[in-house]
Amino acid sequence: TREQQVSSLSNGQTFDVLVVGGGATGSGVALDAQMRGLNTALIERGDFSSETSSRSTKLIWAGIRYIATAVAQLLRFRSLAHPIDSVKNSTSEFK
């Protein structure tokens, strides 16, 4: 239970790393710390992977898809035939 887990954290044991938040980022940090041999504790307010880093991960995924779409447009035949116009059009999107 949650109570048992909280009481095990308050038994006086010292941790090298305390990770606050068990979303995608926090879980990855805790895993990395454990793999490096660090004594690690992870705390989460609610259920794991239910808070903000799950939304952040979706935002990163959307960014990757956006970049892939931009690259695909640069590789179209029209873009290859008129490379200067293609670069101008692509860079204008980032302003």
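Our structure's up above, just so we're on the same page.
Quick caveat: nothing in here was measured; it's all calculated off a predicted structure.

## With respect to the pairing of strand 1 (residues 17-20)
And then number 1: Where strand 1 and strand 2 (residues 40-43) come together, four bridges link them in parallel fashion. Looking at strand 2, one finds that Val19 is bridged to Leu42.
And then number 2: In this view, the connection linking strand 1 to its parallel neighbour strand 2 by way of helix 2 (residues 24-35) has right-handed handedness.

## Brief notes about the environment of Ala30
And then number 1: Within the fold, Ala30 resides in helix 2.
And then number 2: Residue classification places Ala30 among the buried residues on the basis of a relative accessible area of 10%.
And then number 3: A C-alpha to C-alpha distance of 9.5 Å links Ala30 and Val20, two positions 10 residues apart in sequence.
And then number 4: Residues in contact with Ala30, not counting those within four places in the same chain, are Val19, Thr40 and Leu42.

## Focus: a nonpolar patch on the surface
And then number 1: A cluster of nonpolar side chains, contributed by Tyr66, Ile67, Val71, Leu75 and Leu80, occupies part of the molecular surface with about 500 Å² of accessible area.
And then number 2: Sort the elements by how many residues they give to the nonpolar patch and helix 3 (residues 52-74) lands first, with three residues.
And then number 3: Along the polypeptide, Val71 turns up in helix 3.
And then number 4: Residue classification places Val71 among the partly exposed positions, given a relative accessible area of 42%.

## Quick word on helix 2
And then number 1: Taking 1.5 Å per residue as the helical rise, helix 2 with its 12 residues ought to reach 16 Å, and the 17 Å between its terminal C-alpha atoms agrees with that figure.
And then number 2: Among the residues of helix 2, Gly26, Ala30 and Ala33 are the ones counted as buried. For helix 2, the arc enclosing every buried residue in end-on projection is 65°, short of the 170-degree limit, so these residues lie on one face. Among the exposed residues of helix 2, those pointing more than 90 degrees away from its buried face are Thr25, Leu31 and Met35.
And then number 3: Against the buried residues of helix 2 lie strand 1 and strand 2.
And then number 4: Where helix 2 terminates, the next one or two residues include Gly37, which has phi positive at roughly 85°.

## Quick look at the side chain of Thr40
And then number 1: Position of Thr40 relative to the elements: it lies in strand 2.
And then number 2: According to the relative accessible area criterion, Thr40 is buried, its value standing at 15%.
And then number 3: Polar side-chain contacts of Thr40 include one of 3.3 Å to the side chain of Gln34.
And then number 4: In this structure the side chain of Thr40 is engaged in a polar contact, spanning 3.0 Å, whose partner is the backbone oxygen of Leu38.
And then number 5: Those residues within four positions of Thr40 in sequence are excluded, and the remaining contacts are Phe15, Val17, Val19, Ala30, Ala33 and Gln34.

Criteria and cut-off values
- Residues numbered from 1 in each chain as written.
- Predicted model: local features only at pLDDT ≥ 70, side-chain atom pairs only at ≥ 80, totals over all residues.
- Heavy atoms only, no water.
- Pairing = 2+ DSSP bridges.
- Helix = DSSP H or I, 4+ residues; strand = E, 2+ residues; numbered from the N terminus.
- Right-handed = clockwise from strand over helix to strand, strands pointing away.
- Buried < 20%, exposed > 50% of the residue type's maximum accessible area, 1.4 Å probe, protein only.
- Contact = heavy atoms within 4.5 Å.
- Patch = residues over 30% accessible without salt bridge, like charges linked within 9 Å, V, L, I, M, F, W, Y side chains within 5 Å.
- Areas by Shrake-Rupley, 256 points an atom, 1.4 Å probe, with all protein chains shown as cover.
- Salt bridge = Lys/Arg side-chain N within 4 Å of Asp/Glu carboxyl O.
- Expected span 1.5 Å × (residues − 1).
- Arc of directions from axis to C-beta.
- Polar contact = N/O pair within 3.5 Å; in protein donor to acceptor, adjacent residues only side chain to side chain.

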